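# Summary of the model geometry
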Amino acid sequence: SSSLPSSSSSSSSPSSPSPLSPEQNKKTTTKSTGSTAVLYHHAFLSILSLIYFQAFVSYYLQYPGLNSTFGVEPVNMKNINIFGAEIFPNSSSQKSDNLNEMVDMIKLNTMEMDVDTFCEMVAFVGGLLSLVCASGLVQHGLLFFILVILYYFLTAISGVFYSFQWDILLLETGFLTALCYAPWLTLRLHSSSSSQNHDHQQHHLLSSSSTKLGTHPIRLLLFKLMFMSGVVKIQSNCPTWSNLTALEYHFATQCLPSPLSWHVHQMHPFILRLGVAITFIIEIPVAFLLVSPIRSWRIVGAYMQILLQMLIIVTGNYNFF
């Protein structure tokens, strides 16, 4: 009888959660980290695919005026010989001519379409495949390789309008993503999971579907971009950079100033020169934080690069440079 009140009281009182053991805490943390990593992985692949989609659509819309047969700079199929001209500089011109004849034969005789239709078809197919990647239906590494090949073909034949550093950067990013970051053992990554087993499976796919290099090549690419952006300013021997006066002219002389550009141009010269100095700091020494082995340092470096890019975006229009 003495045990009844105790039993009754224990059944009526809410049960307090039992503390987790260190092993359970570790498993919970690993599960959360794995799910977050898969989410970020999926987001990166989808966003990069959307950028490729934008690039292909932009090419498709601008092709008639820029690179068509009647455009400003018609496409030159001979530019496909960039492989023979640069990688094998001693190759004969006869071989290049033969290659051009072969390409012309394939596109005109076998496929029975003119140059303009062929280029527009390549851009359309590239945009369609980009949407497939962005939707998450298929994000296989081979599909990213195909996007890189299609966009490289378009940039190689399209002359000066597609020879800027961001076209090259897009190709480099796509190639490294296909090689080191996109899944190869599965067609796609799942951004959400419903069970522990599924979480474990996705974490396994995340670690095994790409090479062991992971994000390191992409970080090195970002480091190279920012570091070279700063070094090239110094190597140019331009007095506006060496005297820290570049921003006193930049906002008024850039191709397409934004409404905010005029107001920034009115700032005191000391502030503008301080801005040039900060630009050098972010682009050269801070760039090393991006490849630091310490995660907190990489985060600081990333935030500073994002800040610089946001300031560039709001003070200029870089649709064409």
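Residues numbered from 1 in each chain as written. Predicted model: local features only at pLDDT ≥ 70, side-chain atom pairs only at ≥ 80, totals over all residues. Heavy atoms only, no water.

A few words now on the nonpolar core. With 34 residues, the main nonpolar core has Tyr52, Tyr59, Phe144 and Tyr151 as its most contacted residues. Listing elements by their share of this core, those giving two or more residues are helix 2 (22-66), helix 5 (115-135), helix 6 (141-157), helix 7 (165-181) and helix 9 (216-235). Counting residues per element, this core draws most heavily on helix 6, which supplies 10 residues. Among all residues touching Phe144, those that are not within four sequence positions of it are Leu45, Leu48, Ser49, Cys133, Gln139, Gly174, Thr177, Ala178 and Ala182. Counting residues in each nonpolar core, the second largest holds 8 residues, with Ala246, Phe251, Val264 and Val276 among its members. (Core = buried A, V, L, I, M, F, W, Y, C linked by side-chain atoms within 4.5 Å. Buried < 20%, exposed > 50% of the residue type's maximum accessible area, 1.4 Å probe, protein only. Helix = DSSP H or I, 4+ residues; strand = E, 2+ residues; numbered from the N terminus. Contact = heavy atoms within 4.5 Å.)

To continue, consider unusual backbone geometry. Although it is not a glycine, Asn237 sits at a positive phi angle of roughly 55°. Checked against the element boundaries, Asn237 lands in the loop between helix 9 and helix 10 (239-242). Look at Asn237 and you get exposed, because its relative accessible area is 67%. The phi dihedral of Leu244 is positive, around 60°, even though this residue is not glycine. Relative to the assigned elements, Leu244 resides in the loop between helix 10 and helix 11 (247-253).

Packed helices, taken two at a time, are described by the angle between their axes plus the distance between the axes. Look at helix 5 against helix 6: their axes get within 10 Å of each other, and the N-to-C directions meet at 150°. Between helix 5 and helix 6, the angle is such that the two are roughly antiparallel. The way helix 5 lies across helix 6 gives a crossing that is left-handed. Taking contact as the criterion, the partners of Phe118, Cys119, Val122, Ala123, Val125, Gly126, Leu129, Ser130, Val132 and Cys133 in helix 5 are, on helix 6, Leu143, Phe144, Ile146, Leu147, Leu150, Phe153, Leu154 and Ile157. Here the residues of the contact of helix 5 with helix 6 sort into 16 nonpolar, 2 polar and no charged. (Axes fitted to C-alpha atoms, helices over the stretch in contact; angles between N-to-C directions. Parallel < 35°, antiparallel > 145°, perpendicular 65-115°, else oblique. Left-handed = near helix turned anticlockwise from the far one by under 90°. Nonpolar A, V, L, I, M, F, W, Y, C, P; charged D, E, K, R; others polar.)

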